[in-house]
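Each chain, letter by letter, is given below.
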Amino acid sequence: MEPTSDSNLAPQKRLTRTPRVTVTRRLGPAVEERMGELFEVRTNASDMPLTREQLVEAMQDCDVLVPTVTDRIDAEMIAQAGENLGLIANFGAGTEHIDLEAAAKRKIIVTNTPGVFTDDTADLTMAGIIGVPRRIREGVQLIRSGEWTGWAPTAMLGRKLGGKTLGIVGMGRIGQAVAHRARAFGLEIAYHNRKRLPVAVERMFGARWVETLDELMAEADILTLHCPASPESRHMIDARRLSLMKEGASLINTARGDLVDQEALIAALESGQLAGAGLDVYPDEPNVDERLIRHPNVMTLPHIGSATREGREDSGMKVIANIRMWADGHRPPDQVLSGLA
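Starting afresh in each chain, residues are numbered from 1 along the sequence in its written order. With the structure being a predicted model, the display of local features is reserved for residues of pLDDT at least 70 and the display and counting of side-chain atom pairs for 80 or more, all residues being used for whole-chain, interface and lining totals. In computing side-chain values, all of the structure's heavy atoms are included and hydrogens and water are not.

1. Re the sheet that holds strand S11 (residues 274-279)
Remark on secondary structure: sheet strands pair via backbone hydrogen bonds, oriented parallel or antiparallel.
And step 1. Strand order in the open sheet formed by seven strands is S8-S7-S6-S9-S10-S11-S12, and the pairing between neighbours is parallel. On the outer flanks of this sheet lie strand S8 (207-209) and strand S12 (298-300), each paired with one strand and no other. Direction aside, the axes of adjacent strands within the sheet are offset by 20 degrees on average.
And step 2. Strands pair, by our definition, only if DSSP identifies at least two bridges between them. Runs of H or I in DSSP of at least four residues are treated as helices and runs of E of at least two as strands, each being numbered from the N terminus. Across three bridges, the pairing between S11 and S12 is parallel. Residue Ala277 lies in a different strand from S12, and its bridge partner there is Val298.
And step 3. Here helix H11 (residues 262-271) sits on the sheet in contact with strand S10 (249-253), S11 and S12, set at roughly 135 degrees to S11. Note on method: axes are straight lines fitted to C-alpha atoms, helices fitted across the in-contact stretch only, with angles between N-to-C directions ranging 0 to 180 degrees. Any two residues having at least one pair of non-hydrogen atoms within 4.5 Å are treated as being in contact.

2. A look at the sheet that holds strand S4 (residues 87-89)
And step 1. As summarised here, the arrangement of the five strands in space is S2-S1-S3-S4-S5, forming an open sheet in which the pairing is parallel. Strands at the two margins of the open sheet, each flanked by one partner only, are strand S2 (40-42) and strand S5 (109-111). Mean inter-strand twist for the sheet, computed between neighbouring axes without regard to direction, equals 20 degrees.
And step 2. Relative to strand S3 (residues 64-66), strand S1 (residues 20-23) runs parallel, the two sharing three bridges. Bridging from a neighbouring strand, Val21 pairs with Val64 of S3.

3. What about the UniProt feature "domain: D-isomer specific 2-hydroxyacid dehydrogenase catalytic" (unreviewed entry) in the chain?
And step 1. UniProt feature "domain: D-isomer specific 2-hydroxyacid dehydrogenase catalytic" (unreviewed entry): in the numbering of this structure it lies at residues 23-336.
And step 2. Between the end C-alpha atoms of residues 23-336 there is a gap of 19 Å, over a span that is 37% helix and 14% strand. UniProt positions are given in the numbering used here, feature names are shortened, and annotations may be inferred rather than shown by experiment.

4. What to know about the nonpolar core
Nonpolar side chains tend toward joint burial in soluble globular proteins.
And step 1. The nonpolar core is taken to be a set of buried Ala, Val, Leu, Ile, Met, Phe, Trp, Tyr and Cys residues, with the residues joined through side-chain atoms within 4.5 Å. A simple rule labels every residue: compare its accessible area, found with a 1.4 Å probe on the protein chains alone, to the largest value its type can have, and call it buried under 20%, exposed over 50%, or partly exposed in between. Judged by nonpolar contacts, the single largest core of 30 residues is most densely connected at Val169, Leu223, Leu225, Ile237, Leu242, Leu265 and Leu274.
And step 2. Breaking this core down by element, the ones donating at least two residues are helix H9 (213-219), strand S9 (222-225), S10, H11 and S11.
And step 3. Ranked by residues supplied to this core, first place goes to H11 with five residues.
And step 4. Residue contacts for Ile237: discarding those within four places in its chain leaves Leu213, Met217, Leu223, Leu225, Leu242, Leu259, Val260 and Asp261.
And step 5. Among the nonpolar cores identified, the runner-up in size contains 21 residues, and Leu166, Val178, Ala179 and Phe205 belong to it.

5. Quick look at helix H5 (residues 118-131)
And step 1. The terminal C-alpha atoms of H5, which comprises 14 residues, lie 20 Å apart, in line with the 20 Å expected from a rise of 1.5 Å per residue.
And step 2. Of all the 14 residues making up H5, ten are buried; the element is thus mostly covered by neighbouring parts of the structure.
And step 3. Along H5, the positions that sit buried rather than exposed are Thr118, Asp120, Thr121, Ala122, Leu124, Thr125, Met126, Gly128, Ile129 and Gly131. To estimate the expected span of a helix, count its residues, drop one, and scale the result by 1.5 Å.

Right, here's the structure in full:
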């Protein structure tokens, strides 16, 4: 979220005791060991997502809550938080699962871990950009089924990447990292963003700005999504927009499941309007629609865009840094601003 204004910018009081920290999911040995050295930590040994009631209970008995994307924290829950809760130190960059305005009203600071997973997510996106046009998922299944009969001139024909147009929706850190990688494969880069990038940045990535999303949808051979989830962006890729895409185009989504109207996507895949899709996120995780799983050219991945040992550890260390700065009475480096005056 862009830093506009916030009611939590006043100097914070230094915590005079060891912070009591509740962590909602397992964060890995190195991170948990370091947290244990610095804070009074309560962890979730089961590593299963906490229920709403368990989250509220945790918020009533800690100074710092460390949630993840699996934890929905709304205004009603924040209203029930204990008076000592002063920091929600989110593990991950996205904060759409937290009601930022409600937190600001309670003088609860929210932090995140931006920039840590940029390269990891861009790498996984490229797997879809390459894998869907070349029908990698279908090829793997053919071998595993034992039905492959050998090479043939017309067997398993996909589509080449060179000269095709990659449409990037959202040209932030991850979108730019994808553009950087995609150029090496000969893809032409077009993008749509709320604000056009400076010309110098466009030249650096060889990217061309497209003013409307509809225009980008119509010209992209491969469309990849890299924008945050919000009420405004929910189902931004709907039946109407999917109908604008070229027959045989592909859709890649490693951002958020709610960006796409799943029923419209399935209809476009089943009709052949889309040749395939690469999906790492879904609207009702961990449930994945059986029709997507069955489709021969849909790569269904289990939300692993950020799943590298290095990235997850770096994110955890950012969480620790934010907690330490807050406990010392300083503004955390990764404070997310709500926009409240």
